[in-house]
Amino acid sequence: MMNRNGMLNRHIKIDQFLEQLSKKLVNVPESEKEQHLLEIEGHLHALVLEKESKGENPEHAIEEALDEFISINDLALQINKDYKNKEHNQFGEDYGFKTVMFLPFVGFGQLAISIFRGELAFGAITVGLLFIILPIIGLMLPQIKWDGKRVDTLKLTGRYFVTIISSFGAIAFITRSILDRQPNYSSFFYMLGYLLLAIGLYFFFRHMYAVKKQEL
Amino acid sequence: MLMTYSIFMKKNDVWIIQLRKGVFELAILLLLRKRPMYGYELTSQLNKVPLFVLAGGSIYPILKRMVNKEWITFYWEESESGPKRKYYQITEEGGHIISQRMDDYRKLFNALKLLEEGDDE
């Protein structure tokens, strides 16, 4: 049974090991790094428990477990090498995927035209919705192969999405109001609808990120 | 046995290292064919066989490559005594790889045996 000091020692030394390893995993996408570290933490934990069950005291068990474990540099080298090879072989710069992720921004730009005009611009709305819906359908296709980098791109898109899209809408509304020299209420209501759609899409990206990260 | 093994290893380091590299994946597949296992468990099982002794942690890059090749898949499971565990299990493709490679190794061994036992002429 671990004493309080033993538990404290384990967390500090193993956490330090994992922290240093994390810094060295330079080629690993963030979404996959966490899983690697969790797995290695589990391994170290099991190793320490095995030694304690053989009568080692907690401090020694941790020291021995870390000594027996592959060095941080060697482990990071092997893991990074695998990701570097994968980068060259799999998606390259992945411009296609990044373009697909950019399309919803263009779509919302089209939708913002109605806010700016203070009236529904059906042509722009149609184009805008296509630019939003088609990438969503594309992302959900089973044929799409997901890796850590693509999942990270999803996270990044979601993170900036609401800020950038809200800004489009707000700028369009403010510009309309300045031009009209008074608040344009049609523009305001279109902006509300626009923001609701943006928030919906944000939650979609968030959900996709959570699902794809689990699958990595 | 351990001393004999380590003397043997010193004399034949490079050759054995190269030989082992080729069979680690097969060894892991053979273990996973019995039941799903997590990394620590796989390492412990491999370490029971002197030829397959692995430093703790070395198995993870190998497992990652095997997942990328779709020979194995994984799932996470809560553990009663620590962090969540990532269990690996063999796929159908992994099963085919075992049959293929074991067959190849048998043929290789038989060919070498033939050369060993054959006439000098």
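Residues numbered from 1 in each chain as written. Chains lettered and ligands numbered in written order. Predicted model: local features only at pLDDT ≥ 70, side-chain atom pairs only at ≥ 80, totals over all residues. Heavy atoms only, no water.

## A closer look at the nonpolar core
Across soluble globular proteins, you tend to see nonpolar side chains buried next to one another. Selection rule: Only buried residues count toward a nonpolar core. Its members are Ala, Val, Leu, Ile, Met, Phe, Trp, Tyr and Cys residues joined through side-chain atoms within 4.5 Å. Three exposure classes are used, based on accessible area relative to the maximum for each residue type with a 1.4 Å probe and protein chains only: buried under 20%, partly exposed in between, and exposed over 50%. What makes two residues a contact is simply this: any of their non-hydrogen atoms within 4.5 Å.
Membership of the largest hydrophobic core comes to 52 residues, with the highest contact counts inside it found for F17, L21 and I40 of chain A together with I28 and L46 of chain B. Leave out the neighbours within four places in its chain, and I40 of chain A touches F17, L18, L21, F69 and L75 of chain A together with Y60 of chain B.

## Focus on the pairing of strand 3 (residues 85-90) of chain B
Residue and element names in this part refer to chain B. The line we're drawing: Pairing between two strands is assigned when DSSP locates at least 2 bridges connecting them. A run of DSSP states H or I qualifies as a helix once it reaches four residues; a run of E qualifies as a strand once it reaches two. Both are numbered from the N-terminal end.
The sheet contact formed by strand 1 (residues 37-38) and strand 3 spans 2 bridges and is antiparallel. From the neighbouring strand, M37 faces strand 3, where its bridge partner is Y88. Inspection of the sheet shows strand 2 (residues 72-77) paired to strand 3 by 6 bridges, in the antiparallel sense. Paired with F74 across the two strands is Y88, which belongs to strand 3.

## Details of the interface of chain A and chain B
As a reminder of what qualifies: Buried area adds together the accessible area that both of two parts lose upon being put together, with accessible area traced by a 1.4 Å probe. Any Lys or Arg side-chain nitrogen located within 4 Å of an Asp or Glu carboxyl oxygen qualifies as a salt bridge. Throughout this description, a polar contact denotes any pair of N or O atoms lying within 3.5 Å of each other; where both atoms belong to protein, one of them has to be capable of donating a hydrogen while the other can accept it, and for residues adjacent in sequence the pair is counted only when both atoms sit in side chains. Residues are sorted three ways: Asp, Glu, Lys and Arg are charged, Ala, Val, Leu, Ile, Met, Phe, Trp, Tyr, Cys and Pro are nonpolar, and all the rest, Gly among them, are polar.
Each partner contributes to the interface: chain A provides 26 residues, whereas chain B provides 20 residues. Of the roughly 1,900 Å² buried at the junction of chain A and chain B (both faces included), carbon and sulfur atoms supply 59%. Across the contact surface, chain A and chain B share 2 salt bridges. Across the pair K86 of chain B and E39 of chain A runs a salt bridge whose closest N-O atoms are separated by 4.0 Å. Seen at the junction of chain A and chain B, the total is 5 residue pairs in polar contact (both at pLDDT 80 or more). For the side of chain A that touches chain B, the elements supplying multiple residues, two or more each, are helix 2 (30-53), helix 4 (72-89) and helix 8 (185-215) of chain A. Here the side of chain A that touches chain B takes 14 residues from helix 2 of chain A, the largest share from any one element. Taken together, the residues that form the side of chain A that touches chain B break down as 11 nonpolar, 7 polar and 8 charged.

## Section: the pattern of salt bridges
The tally for this structure, following the rule as stated, stands at 16 salt bridges over all chains. Taken together, the salt bridges that share partners define one network made up of K51, E64 and E68 of chain A.

## Side note on unusual backbone geometry
Unlike most non-glycine residues, R181 of chain A shows phi in positive territory, near 60°. Tracing the backbone through its elements, the reader meets R181 of chain A in the loop between helix 7 (148-180) and helix 8. In this structure, E70 of chain B is a non-glycine residue whose phi angle is positive, near 65°. Here E70 of chain B shows up in the loop between helix 4 (59-68) and strand 2.

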